[in-house]
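Remarks on the overall topology
Residue-level listing of the chains:
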Amino acid sequence: MDEVYRRHAQTVYKFLLSRTHDPGLAEELTQETFYQAVRSADRFDGGCKVSVWLCQIAKHLWYQHLRKRGRESPLPEETAEAPVPSAEEGLLEREGTLDLLRLIHGLPEEQREVVYLRAFGALSFREIGDVMGRTETWARVTFYRTKEKLRNGGTDHEK
């Protein structure tokens with residue numbers, strides 16, 4: 001299990017960080033993921049890659065965490081170093097961000113996962129392919145097509 005941890009801990013952590021946006025929570029859930037993996041190792045049938053299996057456990061733990069918290073996330077503390085935008089600038093930025101997040105949320109699950117893992121989790125296309133049980137090329141193409149779809153307001157436009 002030490003070897004499995006060394007090989008896959010970073011991937012699981014990045015996957016969870018893309019979901020939680022909280023390094024401490026991502027680390028805690030990563031540790032819990034490997035604990036649960038040890039407990040259920042006898043049920044791993046080899047039907048998928050180990051990294052996919054671990055990320056499935058991690059995703060389940062993340063959903064459990066959200067249910068326990070009632071899906072309420074505290075806002076991150078603002079740092080004193082960050083420049084404070086005017087009320088109008090802040091509103092426009094939030095509205096733009098909310099519009100983009102609404103578009104992302106409306107995507108089919110696989111496309112949404114790829115965007116989250118790439119944009120918020122900073123995973124490489126190879127890592128995304130591993131997590132999703134697909135190839136690096138599939139991850140690249142899916143991300144590119146989804147990005148183009150988002151640019152078009154969430155619809156597929158033929159060129």
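You'll find the structure just up there.
Summarised in this report is the structure supplied together with it. Keep in mind the model is a prediction, meaning the values are calculated, not measured.

Procedures and definitions
Residues numbered from 1 in each chain as written. Predicted model: local features only at pLDDT ≥ 70, side-chain atom pairs only at ≥ 80, totals over all residues. Heavy atoms only, no water. Helix = DSSP H or I, 4+ residues; strand = E, 2+ residues; numbered from the N terminus. Buried < 20%, exposed > 50% of the residue type's maximum accessible area, 1.4 Å probe, protein only. Contact = heavy atoms within 4.5 Å. Areas by Shrake-Rupley, 256 points an atom, 1.4 Å probe, with all protein chains shown as cover. Polar contact = N/O pair within 3.5 Å; in protein donor to acceptor, adjacent residues only side chain to side chain. Salt bridge = Lys/Arg side-chain N within 4 Å of Asp/Glu carboxyl O. Phe/Tyr/Trp six-rings, centres within 6.5 Å; stacked < 30°, edge-to-face > 60°. Lys NZ or Arg CZ within 6 Å of the ring centre and 35° of its normal.

**Some points on the overall build of the protein**
Each helix and strand counted, the protein has 7 helices and 0 strands in total. When the helices and strands of the protein are read in sequence order from the N terminus, they spell out α-α-α-α-α-α-α. Burial analysis of the protein (159 residues in total) assigns 35% to the buried set. Contacts spanning at least 24 positions in sequence make up 59% of the contacts within the protein whose residues lie at least 6 apart. For the protein, the computed accessible surface area is about 10900 Å², with 52% contributed by carbon and sulfur atoms.

**A few points about the side chain of T146**
Structurally, T146 is set in helix α7 (residues 136-151). Owing to a relative accessible area of 0%, T146 belongs among the buried residues under this scheme. In terms of polar contacts, T146 uses its side chain to reach the backbone carbonyl oxygen of T142, at 2.7 Å. Sequence-distant contacts of T146, that is, excluding residues within four places in its chain, are made with L107, Q111 and V115.

**Description of the pattern of salt bridges**
Applying the stated rule across the entire model yields 10 salt bridges. R126 serves as the salt-bridge partner of D130, at 3.4 Å between the closest nitrogen and oxygen. Placement of the pair is D130 and R126 together in helix α6 (residues 125-132), with a separation of 4 residues, close to one helical turn. With its nearest N and O atoms 2.6 Å apart, the salt bridge here joins R151 to E148. Here R151 and its partner E148 are both found in helix α7, 3 residues apart, which amounts to about one turn of the helix. Connected through shared salt-bridge partners, E3, R6 and R7 make up one network.

**With respect to the packing of aromatic side chains**
By the definition in use, this model includes 2 aromatic pairs. Where Y5 meets F34, the ring centres are 4.8 Å apart and the plane angle is 70°; that geometry is what we call edge-to-face. Placement of the pair is Y5 in helix α1 (residues 2-20) and F34 in helix α2 (residues 23-39), with a sequence separation of 29 residues. Its relative accessible area of 6% is what places F34 among the buried residues. The ring of F125 is capped by R118, whose NZ or CZ atom sits 4.0 Å from the centre of that ring.

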